[in-house]
Amino acid sequence: MLATRKEPRESEPCVFSKKGKIMSLTTLESVLNHALKDLLSAEKQFRDALPKLSEAAANRELASALLEHRDETVHHIERLERCFELLGKSPRSEKCEAAEGLVEEGKSIIEEGGEGPSFDVAIVGAARKVEHYEIVSYADACEYAKNLGHQELENVLRETLQEEQVTDSKLHKLGERLVMEAKRSA
Ligand SMILES: [Fe+2]
Ligand SMILES: [Fe+2]
């Protein structure tokens, strides 16, 4: 039986696998496009999850760092929309399953409950996993953009990458202090 061939999405080259399935990741440009869609979905999920983590934190510095990063995340979404614009495409997201898993993990920590510095240590851990996912994703997207000669796009992505790195290192330092506090109060 002949496989049904669906039309390819957007204007990317149409390559079929032996089974007649459309393969969409056939060029570096398509990988970049996929990475941007994935990031747009991830950032939207993190924007909605960060206030919940902040609310659960007992340490005021941690709570405000998470809320501050929520505001930055709104700018990350705007920057990604700008990236699509630079590529002449309309912003589209593709469900980021990794982000969904990371958000679920954060939720389960909140549901598990706890108090004091130990609970905050667990919250920092969940938040840093999110930052690390973003750091790798943005660093890779920068690399693709650079090699495709999309200079402005690379600059926009790099701006967000730096904010993710600053957030991670801020959370790391705060986490180290909280670990010491948790150890003392044990
Ligand atoms: Fe972000
Ligand atoms: Fe982030």
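What you see as residue numbers is a count from 1 along each chain, following the sequence as written. Ligands are numbered from 1 and chains lettered from A, in the order in which they are written. Local features in a predicted model are, by the rule used here, given only for residues with pLDDT of at least 70; side-chain atom pairs are given and counted only at 80 or more, and totals for whole chains, interfaces and linings are based on all residues.

1. Digging into the overall build of the chain
Where helices and strands are cited, they refer to DSSP runs of H or I of at least four residues and of E of at least two residues respectively, numbered from the N terminus. The helix and strand tally for the chain stands at five helices and two strands. Starting at the N terminus and ending at the C terminus, the chain contains elements arranged as β-β-α-α-α-α-α. In terms of overall dimensions, the chain has a C-alpha envelope of 65 × 40 × 20 Å along the principal axes. With C-beta atoms placed from the backbone, a residue is buried if 20 or more other C-beta atoms are within 10 Å of its own, exposed if 12 or fewer are, and partly exposed between those counts. Evaluated residue by residue, the chain yields a buried proportion of 31% over its 186 residues.

2. Here we look at the packing of helix H3 (residues 97–112) against helix H4 (residues 116–147)
Fitted lines through C-alpha atoms give the axes, limited to the stretch in contact for helices. The angle between two N-to-C directions lies from 0 to 180 degrees. Orientation of H3 relative to H4, taken along the N-to-C sense of each, is 175°, at an axis distance of 9 Å. Overall, the two elements H3 and H4 adopt an arrangement that is roughly antiparallel. Contacts from Ala98, Ala99, Leu102, Glu105, Gly106 and Ile109 in H3 reach Ala122, Ile123, Ala126, Lys129, Val130 and Tyr133 in H4. When residues are grouped by polarity, Ala, Val, Leu, Ile, Met, Phe, Trp, Tyr, Cys and Pro land in nonpolar, Asp, Glu, Lys and Arg in charged, and all others, Gly among them, in polar. Residue composition of the contact of H3 with H4, by class: nine nonpolar, one polar and two charged. Roughly parallel covers angles under 35 degrees, roughly antiparallel covers those over 145, roughly perpendicular covers 65 to 115, and oblique covers all other angles. We call two residues in contact when their backbone-placed C-beta atoms lie within 7 Å.

3. What about helix H2 (residues 60–86)?
Under the convention used throughout, the expected extent of a helix is 1.5 Å for every residue step, that is, one less than its residue count. In a regular helix each residue adds 1.5 Å, so 27 residues correspond to 39 Å; H2 covers 39 Å between its end C-alpha atoms and thus fits that length. Three or more residues of H2 are buried, namely Leu62, Ala65, Leu66, His69, Thr73, His76, Leu80 and Cys83. Just beyond H2, the residue with positive phi is Gly88, at close to 70°.

4. Looking at the nonpolar core
Connectivity within a nonpolar core runs through C-beta atoms within 7 Å, and the core itself is a set of buried Ala, Val, Leu, Ile, Met, Phe, Trp, Tyr and Cys residues. By size, the foremost hydrophobic cluster in this structure holds 38 residues, and its most contacted members are Leu36, Leu53, Ile123, Ala141 and Leu157. When residues of this core are traced back to their parent elements, those giving at least two are helix H1 (28–56), H2, H3, H4 and helix H5 (151–184).

5. As for the packing of H2 against H5
Here H2 crosses H5 at 165°, and the two axes come no closer than 10 Å. Overall, the two elements H2 and H5 adopt an arrangement that is roughly antiparallel. Between H2 and H5 lies a crossing of left-handed hand. When H2 is examined against H5, the residues Glu61, Leu62, Ala65, His69, Glu72, His76, Arg79, Arg82, Cys83 and Leu86 are found in contact with a partner set consisting of Glu152, Leu153, Val156, Leu157, Glu159, Thr160, Glu163, Thr167, Lys170, Leu171 and Leu174. A breakdown of the residues in the contact of H2 with H5 according to their chemical character gives nine nonpolar, four polar and eight charged. Handedness of a helix crossing follows the sense of rotation of the near helix relative to the far helix, less than a right angle counterclockwise being left-handed and clockwise being right-handed.

6. Thoughts on the confidence of the model for the chain
In predicted models, pLDDT denotes the confidence assigned by the predictor to each residue on a 0 to 100 scale. For the chain, per-residue confidence averages 93 on the pLDDT scale, and 93% of positions sit at 70 or higher. A low-confidence stretch, residues 1–8 (pLDDT under 50), is modelled with eight contacts involving residues beyond four sequence positions or located in other chains.

7. Topic: the environment of Ala122
By the element assignment, Ala122 lies in helix H4. Remark: the alpha-carbon pair of Ala122 and Leu86, spanning 36 residues in sequence, is separated by 39 Å. What Ala122 contacts, discounting residues up to four positions off in sequence, is Ile109 and Gly114.

8. Description of the environment of Gly175
Note on placement: Gly175 falls in helix H5. Residues Gly175 and Ala139, 36 residues apart in the sequence, show an inter-C-alpha distance of 24 Å. Excluding anything up to four places from it in sequence, Gly175 contacts Val121, Val124 and Arg128.

9. Considering the environment of Glu81
Mapped onto the secondary structure, Glu81 falls in helix H2. Considered as a pair, Glu81 and Leu36 are 45 residues apart in the sequence and their alpha carbons are 9.0 Å apart.

10. Re H5
Side chains three or four residues apart in an α-helix point the same way, a direct result of the helix having 3.6 residues per turn. Between its first and last C-alpha, H5 extends 50 Å over 34 residues, near the 50 Å set by a 1.5 Å rise per residue. Regarding H5, the residues found buried are Leu153, Glu154, Val156, Leu157, Thr160, Leu161, Glu164, Thr167, Asp168, Leu171, Gly175 and Leu178. Those residues of H5 hidden inside the fold are in contact with H2 and H4.

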